[in-house]
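# A look at the structure
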Amino acid sequence: MPEHKSEGLRWLRQAEQDLDDAEFLRDGQRFNLSCFLSQQAAEKAVKAYLYHRGAEDVWGHSLADLCEDAKLFELFFDTVKSEARQLDKYYEITRYPSFLPGGIPSEAFERVDSDRAIELAMVVVQFVRERVQ
């Protein structure tokens, strides 16, 4: 197997583990971290796709931007971009108090937030899984 394909699969395995960990954190009522790991799972999945396709310059955390990069290889990434970009908001606000005036991330998120983030991440991970395996 070419190195870039095995690198893509390696990133996909971590994306799937992050998604599993997001569910574990949700069940433990760590909703902010569950939302963050959902974003991470989707981000790593799209990066997995890019690596799998041989992209060399894979960087950044914005799912909207990463999906745009992936569209260079497959236009259908436009269909998942709307779901993926909703996860972008969880990259910083879930971890840093400076993004929440008067509050802290561990108190700002609820199960419904975590459920939605996991659902969105599942869509992205499945979308990528279908394309790299």
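In this report, we go over the structure that sits alongside the text. (Residues numbered from 1 in each chain as written. Predicted model: local features only at pLDDT ≥ 70, side-chain atom pairs only at ≥ 80, totals over all residues. Heavy atoms only, no water.)

Let's shift gears to helix 2 (residues 31-52). A rise of 1.5 Å per residue sets the reference length of helix 2, with its 22 residues, at 32 Å; its end C-alpha atoms lie 31 Å apart and thus fit the reference within 8%. The buried fraction of helix 2 is high, at 21 of 22 residues. Residue glycine 54 follows helix 2 closely and has a positive phi angle near 95°. (Helix = DSSP H or I, 4+ residues; strand = E, 2+ residues; numbered from the N terminus. Expected span 1.5 Å × (residues − 1). Buried < 20%, exposed > 50% of the residue type's maximum accessible area, 1.4 Å probe, protein only.)

Let us look at the pattern of salt bridges. Per the counting criterion, the structure on display carries 14 salt bridges. Across the pair arginine 129 and glutamate 16 runs a salt bridge whose closest N-O atoms are separated by 2.6 Å. Taken together, the residues span a long stretch of sequence, with arginine 129 in helix 6 (residues 111-132) and glutamate 16 in helix 1 (residues 3-27) at a distance of 113 residues. Under the relative-accessibility criterion, arginine 129 is labelled partly exposed at 25%. Glutamate 16 sits in the partly exposed class, given a relative accessible area of 26%. Between glutamate 68 and lysine 81 there is a salt bridge, with its nearest N and O atoms 2.6 Å apart. In this pair, glutamate 68 sits in helix 3 (residues 63-71) while lysine 81 sits in helix 4 (residues 77-86), placing the two residues 13 residues apart along the sequence. The class for glutamate 68 is partly exposed, based on a relative accessible area of 33%. (Salt bridge = Lys/Arg side-chain N within 4 Å of Asp/Glu carboxyl O.)

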